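Residue-level listing of the chains:
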Amino acid sequence: MHVDLAHNTCRHFDIVVAGGGLVGMAIAYGLARAGQRVAVCDGADSAHRAARGNFGLVWVQGKGGRCLPYAQWSRESSERWSAFAAQLKRETGIDAGFERPGGIELCETAEQLEAGRQLLESIHAQDASLDYEVLDIDALKARVPSASDKLAGALYSPHDGHASPLYTLRAMQQAFASHGGTYLPHNEVREIRPRAGRFEIDTTHGPLEAGRVVLAAGLDNKRLAPMVGMNAPITPLRGQIMVTERLAPFLDYPTLVVRQTREGSVLLGDSAEQVGFDDGQTRAVMADIARRARTAFPALAHARIVRAWGALRIMTPDGLPVYEESAAHPGAFLAICHSGVTLAAAHADIIAPWIAGGARPAILHPFVATRLSN
Ligand SMILES: Cc1cc2nc3c(=O)[nH]c(=O)nc-3n(C[C@H](O)[C@H](O)[C@H](O)COP(=O)(O)OP(=O)(O)OC[C@H]3O[C@@H](n4cnc5c(N)ncnc54)[C@H](O)[C@@H]3O)c2cc1C
């Protein structure tokens, strides 16, 4: 659908989604698939975009230690990912590269292995369907022969997998368009004004109007949420990632620190720094990431790094997602999470039908924004 915003005429949609990252596009795709007239307003090229700088894990293991529903929500999405990826491929021809061989958390010391075991055991004790295995070094080597003998062992969960975040985003954009969705790039939402049950939305290229609005603008949700009577006390948390040249396959499972893509390149990562909106890189963190990767897989000592970057996670104070409809201005929804790859399938399949007018799913109960005001 072509939209001419040059003449500043107000365009009307059923739903406007602010933000075209992994969260906004997954919800928008689900909404368009359900027959809604949807526009996605996205930011400029210079905007912070976790969707284009992440590690690509679909990860359940270890989540929900303090909130079981978060583990269950992550698992729900992981279970749906295969069908989600298949549908995207059918609709667009784009393969999101999803695989779910299970995921491995490597442990350098016996203390790390024991702490991880205790966490997974406590989660399993609350919900026996959240499976895991403890691998001593022999069991790890049997499964991953390229792993170093110096590791203490690993934790394995069958619920984990990985995907290409960039192909996922591209596939969702294309599928959204094929269902009649309108994607408006370089078109930031500046202001939202609730008016008699509808929303006037000022964007860089002109006004829009909609019956519902979804705030999925990543870190900018903090600024937008008060405009519709909500609170989003989120902060950035930087992660740095390095990528090697393409290597022959040596790792069949995603891990938290090393992941080999289908194309052969290897992502190295897993850092977390509170440095405000600085999305740069530092030598100290990159050296630590390289050390951990080399310790786990000695063969990587000879791999050349071809790219490195920093990107900002979107963190709530307790690390849990937020999915909420504004009580003051019904029809305005807030969506925040720091695992937008993992949760993409659930966002399209479960969050979108709720926003389209369905009942709020019970599993979302703990993820209200009001918990952050208390
Ligand atoms: C280093 C790193 C590693 C990660 N690894 C993983 C992982 O392995 N697995 C996983 O599940 N998750 C991972 N994540 C998290 C994942 O990337 C995010 O959860 C996801 O990208 C969040 O998506 P989002 O759409 O909320 O935000 P973003 O991806 O940041 O997108 C926000 C979008 O909103 C747009 N925008 C901003 N302001 C406005 C405005 N005012 N109006 C309109 N549009 C606006 C921006 O242009 C942008 O496109 C990682 C993140 C980082 C940083």
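Residues numbered from 1 in each chain as written. Predicted model: local features only at pLDDT ≥ 70, side-chain atom pairs only at ≥ 80, totals over all residues.

**Q** What exactly am I supposed to notice about the site of the ligand here?
**A** Taken together, 39 residues lie near the ligand, and Gly21, Gly43, Gly218, Gly239 and Gly340 sit nearest. Every element with two or more residues in the shell around the ligand is listed here: α1 (22–33), β12 (235–244) and β15 (305–315). In terms of residues, the shell around the ligand owes the most to one element, β15, which gives four residues. Residue composition of the shell around the ligand, by class: 19 nonpolar, 15 polar and five charged. Both domain 1 (11–53 + 166–232 + 319–373) and domain 3 (235–315) contribute no fewer than three residues apiece to the shell around the ligand. (Near = placed C-beta within 6 Å. Helix = DSSP H or I, 4+ residues; strand = E, 2+ residues; numbered from the N terminus. Nonpolar A, V, L, I, M, F, W, Y, C, P; charged D, E, K, R; others polar. Domains from an automatic or database assignment.)

**Q** I would appreciate a short explanation of the sheet that holds strand β4 (residues 103–107) in the present structure.
**A** Two pairing modes exist for strands in a sheet, parallel and antiparallel, and in both the strands are linked by backbone hydrogen bonds. With antiparallel pairing, the three strands of this open sheet are ordered in space as β4-β6-β5. Here the strands that pair on one side only, and so sit at the sheet edges, are β4 and β5 (133–136). Across the sheet, the axes of successive neighbouring strands diverge by a mean angle of 25°, strand direction being ignored. Examined bridge by bridge, β5 and strand β6 (residues 153–157) share four bridges and lie antiparallel to one another. Of the residues in β6, the one forming a bridge with Asp136 is Gly153. (Pairing = 2+ DSSP bridges. Axes fitted to C-alpha atoms, helices over the stretch in contact; angles between N-to-C directions.)

**Q** Is there a simple way to explain the UniProt feature "transmembrane region" (unreviewed entry) in the protein in this structure?
**A** Residues annotated by UniProt as "transmembrane region" (unreviewed entry) correspond here to residues 12–32. For residues 12–32, the helix share is 52%, the strand share is 33%, and the end-to-end C-alpha distance is 15 Å. (UniProt positions renumbered as here; feature names shortened; annotations may be inferred.)

**Q** Hey, could you run me through the sheet that holds β12 in this one?
**A** A sheet is described by the order of its strands in space; here four strands give the open sequence β13-β14-β12-β15, paired in antiparallel fashion. Single-partner strands in this sheet number two, and they are β13 (258–260) and β15. Strand-to-strand twist of the sheet, defined as the mean angle between neighbouring strand axes without regard to direction, takes the value 25°. In terms of strand pairing, β13 meets strand β14 (residues 266–268) through three bridges, oriented antiparallel. For Arg259, the partnering residue across the bridge sits in β14 and is Leu267. On the sheet, helix α7 (residues 283–296) packs against β12, β13, β14 and β15 and is oriented at approximately 55° with respect to β12. (Contact = placed C-beta atoms within 7 Å.)

**Q** I tried to follow the packing of helix α2 (residues 68–92) against helix α5 (residues 165–178) on my own but got confused; where do I start?
**A** Contact pair α2 / α5: the axes reach a minimum separation of 9 Å and the direction vectors enclose 60°. Comparing their axes, α5 and α2 come out oblique. Seen from above, α2 lies across α5 with left-handed handedness. Only Ala171, Met172, Gln174, Ala175 and Ser178 of α5 make contact with α2, whose side of the interface consists of Leu88, Glu91 and Thr92. Taken together, the residues of the contact of α2 with α5 break down into four nonpolar, three polar and one charged. (Parallel < 35°, antiparallel > 145°, perpendicular 65-115°, else oblique. Left-handed = near helix turned anticlockwise from the far one by under 90°.)

**Q** How should I be thinking about the domain arrangement of the protein in this particular structure?
**A** Often, the extent of an interface is quoted as the loss of accessible area upon association of its parts. Looking at the assigned domains, one finds that the protein contains domain 1 (11–53 + 166–232 + 319–373), domain 2 (103–158) and domain 3 (235–315). A straight line from the C-alpha centre of domain 1 to that of domain 3 covers 29 Å. At the interface, eight residues of domain 1 touch nine residues of domain 3.

**Q** It is not clear to me how the UniProt feature "domain: FAD dependent oxidoreductase" (unreviewed entry) in the protein should be interpreted in this structure. Could you clarify?
**A** Here, UniProt's "domain: FAD dependent oxidoreductase" (unreviewed entry) annotation points to residues 14–352. A helix fraction of 30% and a strand fraction of 26% characterise residues 14–352, whose end C-alpha atoms lie 13 Å from each other.

**Q** Could you clarify how one ought to interpret the nonpolar core in this entry?
**A** Generally speaking, soluble globular proteins have nonpolar side chains that are buried together. Core analysis: the largest hydrophobic core is formed by 117 residues, its most contacted members being Val16, Ala18, Ile27, Val213, Val214, Leu215 and Ala335. No other element matches the nine residues that α1 contributes to this core. (Core = buried A, V, L, I, M, F, W, Y, C linked by C-beta atoms within 7 Å. Buried ≥ 20, exposed ≤ 12 C-beta atoms within 10 Å, placed from the backbone.)

**Q** When you look at helix α8 (residues 344–355) in this model, what are you seeing that I'm missing?
**A** A turn of α-helix holds 3.6 residues, and therefore any two residues three or four places apart point the same way. With respect to burial, α8 is a largely interior element, nine of its twelve residues being buried. Of the residues making up α8, those classed as buried are Ala344, Ala345, Ala346, His347, Ala348, Ile350, Ile351, Ala352 and Ile355. For α8, the elements touching its buried residues are α1, α2, α5, β11 (206–215), β16 (322–325) and β17 (332–336). One or two steps after α8, the chain reaches Gly357, where phi turns positive at roughly 130°.

**Q** I would appreciate a short explanation of the packing of α2 against α8 in the present structure.
**A** Describing two packed helices takes the angle between their axes plus the distance from one axis to the other. Here α2 crosses α8 at 90°, and the two axes come no closer than 7 Å. Classified by the interaxial angle, the pair formed by α2 and α8 is roughly perpendicular. Contact with α2, carried on its side by Trp73, Glu76, Ser77, Arg80, Trp81 and Phe84, involves Ala344, Ala345, Ala346, Ala348 and Asp349 of α8 and no other residues of that element. Looking at the contact of α2 with α8 residue by residue, the classes come out as seven nonpolar, one polar and three charged.

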